[in-house]
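Close look at the chain arrangement
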Amino acid sequence: MVQEFYSTSQVFPSGLYARDIKSGDFDGDGDQDLIVTRGLPNGQTAASEIWINDGNASFYKTNQQLGAQSDSGTRLVEVGDLDGNLYLDIFYAPGAGEQNQVWFNPQTLFPGTPNFDSGNLDGYLVNNPSATTIENVNGNNVLQLDNTGLTGLSTVVYDFNEPLFTEMELSAEITTFNGPNRWMDGFLIFDYKSDSDFKYAGMFTGQNTWVIGHYQGHWNNRLAELDWSEQGKTINPGQTYLLHLRIKENKAFLAVDGDLLLDAEFNELVYQNKTGMASHNALTHFDRFKLGHLVSAGSPNTLIFNEDFSEGDNHAFKFEGPGSWSYLNNKLQFDGSQESGVGIGYVDLNYDIAERYEISSQFSAISNPGSSQNGFLIFDYHETK
């Protein structure tokens, strides 16, 4: 049989020539990514770019550009694990007049968390083999936990053989299915000690609820939960949701399809070495499970805070400094005309936001005797202790 190839419609890098291309699994998800050295029409080259494979042979460009913006020759690259952390680094040879460079790939995803494309569960610990299979769905392998008939709990966890860091992130695509004699649920689980003691974040589809909790032989110890009905939304059977969970010491933050929904605080540090997926009395599919120091898939990328002051003083802002704060026509108003100094209004998100973010607000400075006219957006604020 002759293998037939087909062309995709994706073009990259846009508007520039490719001088050299190397492939390698830069993010540890089992898919081949690309580094592309770019060229300019006049023979110079531009900074190289990393393109990440989304698992479906489509690529998206990261924000990082390697090397200087231009030089007089062609750039060559080679990839390999130069520092022994099981992640591919990059040796980078610029043109004449520039030094060769080595770019180290920090360990962002933990090695040994493969996707399910191989068709097996090598490395994973399975508590209920008869209910655990790899199924091919539309040409893509997914993990299926099938406890139809109310047969109980299924867990699939990865054991790293040593305590994990107290700051980590994990994500997975989860789909629940309706049907007779079963519930609808699916969870990311972490700090796993046994089938009767682990922490979890996920969904009870039948209850239309997102949860973070501590499983101790039952699901009643819920530290945080959100009934989506309160927002006029529905968790739909058969629909795939991308869950992202951030663990920071004893706190957990759950995002769904890029929206941060819940946070919870446990009584102890979270650092046990087993983490994975679970469902109970349900038929559930899992795919693209990832675990690392930082996991980009599903991370909060939309508005993580929004306030229109429509409810007056019912908001999360805190205030410091002189002056008075009040609410007028759904606006927050500061009056410092009677006192000198800087009045500060700020929000403590209690969450590590991305290195790149945007802040916006509408404001106006009002003319008033004895006061200046100004207003500012502030960031990286260190509150007074």
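Residues numbered from 1 in each chain as written. Predicted model: local features only at pLDDT ≥ 70, side-chain atom pairs only at ≥ 80, totals over all residues. Heavy atoms only, no water.

**Focus: the overall build of the protein**
Helix and strand counts for the protein come out as zero helices and 25 strands. Here the protein holds 385 residues, and the buried ones make up 40% of them. Of the accessible surface of the protein, which amounts to about 20900 Å², a share of 47% is contributed by carbon and sulfur atoms. (Helix = DSSP H or I, 4+ residues; strand = E, 2+ residues; numbered from the N terminus. Buried < 20%, exposed > 50% of the residue type's maximum accessible area, 1.4 Å probe, protein only. Areas by Shrake-Rupley, 256 points an atom, 1.4 Å probe, with all protein chains shown as cover.)

**A few points about the pairing of strand 15 (residues 209–215)**
The buried fraction of strand 15 amounts to seven of the seven residues, a majority that puts the element mostly inside the structure. In strand 15, alternate side chains face the same way, and those of T209, V211, G213 and Y215 on one face and W210, I212 and H214 on the other are all buried. Relative to strand 15, strand 14 (residues 197–204) runs antiparallel, the two being bridged by seven bridges. Across the sheet, the residue bridging to G202 is V211, located in strand 15. Hairpin geometry of strand 14 and strand 15 is characterised by an intervening segment of four residues between the two adjacent antiparallel strands and by a positive phi of about 55° at N208. (Pairing = 2+ DSSP bridges.)

**Structural notes on the environment of G258**
By secondary structure assignment, the location of G258 is in the loop between strand 18 (251–256) and strand 19 (259–265). Taking the relative accessible area as the measure of exposure, G258 reaches 2% and is therefore buried. C-alpha separation for the pair G258 and A297, spaced 39 residues apart in sequence, amounts to 8.5 Å.

**So, the sheet that holds strand 7 (residues 101–103)**
Sheet architecture is open: three strands sit in the order 5-6-7, paired in antiparallel fashion. Where the open sheet ends on each side, the last strands, each with one partner, are strand 5 (76–80) and strand 7. Neighbour to neighbour, the strand axes of the sheet diverge by 20° on average, direction disregarded. Direction of pairing for strand 5 relative to strand 6 (residues 89–93): antiparallel, over a ladder of five bridges. For V79, the partnering residue across the bridge sits in strand 6 and is I90. (Axes fitted to C-alpha atoms, helices over the stretch in contact; angles between N-to-C directions.)

**Observations concerning the nonpolar core**
If you look at the biggest cluster of nonpolar residues, it comprises 36 residues, and the most contacted ones within it are W210, I212, L243, L245, L254, M277 and F289. Judged by nonpolar contacts, the second largest core, of 12 residues, contains L153, F187, I189 and Y215. (Core = buried A, V, L, I, M, F, W, Y, C linked by side-chain atoms within 4.5 Å.)

**Some thoughts on the packing of aromatic side chains**
Within the structure shown, the criterion is met by 17 aromatic pairs. Residues F198 and W219 carry aromatic rings whose centres are separated by 6.2 Å and whose planes lie at 70° to one another, so their mutual orientation is edge-to-face. Here W219 lies in the loop between strand 15 and strand 16 (222–227) and F198 lies in strand 14, a separation of 21 residues in the sequence. Residue class for F198 comes out buried when judged on its relative accessible area of 0%. Above the face of the F266 ring, K199 is positioned so that its terminal group lies 5.4 Å from the ring centre. (Phe/Tyr/Trp six-rings, centres within 6.5 Å; stacked < 30°, edge-to-face > 60°. Lys NZ or Arg CZ within 6 Å of the ring centre and 35° of its normal.)

**Things to note about the pairing of strand 24 (residues 332–335)**
Of the strand pairs in this sheet, strand 23 (residues 324–327) and strand 24 are connected by four bridges, and their pairing is antiparallel. In the sheet register, S324 faces strand 24, and the bridge partner there is D335. Hairpin geometry of strand 23 and strand 24 is characterised by an intervening segment of four residues between the two adjacent antiparallel strands and by a positive phi of about 55° at N329.

**Quick look at the environment of L243**
Counting through the fold element by element, L243 comes out in strand 17 (residues 240–248). Since its relative accessible area comes to 0%, L243 is described here as buried. Sequence separation between L243 and E173 is 70 residues; the distance between their C-alpha atoms is 6.2 Å. In contact with L243, not counting residues within four places along its chain, are L170, S171, A172, I174, L188, A201, G202, M203, W210, L254, A255 and V256. (Contact = heavy atoms within 4.5 Å.)

**Examining the sheet that holds strand 20 (residues 274–280)**
Spatially, the seven strands line up as an open sheet ordered 8-11-20-13-14-15-16, and their pairing is antiparallel. In this open sheet, the two edge strands, each paired with only one partner strand, are strand 8 (124–126) and strand 16. In this sheet, adjacent strand axes meet at a mean angle of 20° when their direction is disregarded.

**Some points on the side chain of T209**
Relative to the helices and strands, T209 is located in strand 15. Engagement of the side chain of T209 in a polar contact is seen with the backbone oxygen of Q207, the distance being 2.8 Å. (Polar contact = N/O pair within 3.5 Å; in protein donor to acceptor, adjacent residues only side chain to side chain.)

**A word on a nonpolar patch on the surface**
A cluster of nonpolar side chains, namely L82, F91, V102 and F104, defines an oily patch on the protein surface of about 380 Å² accessible area. With respect to the helices and strands, L82 occurs in the loop between strand 5 and strand 6. (Patch = residues over 30% accessible without salt bridge, like charges linked within 9 Å, V, L, I, M, F, W, Y side chains within 5 Å. Salt bridge = Lys/Arg side-chain N within 4 Å of Asp/Glu carboxyl O.)

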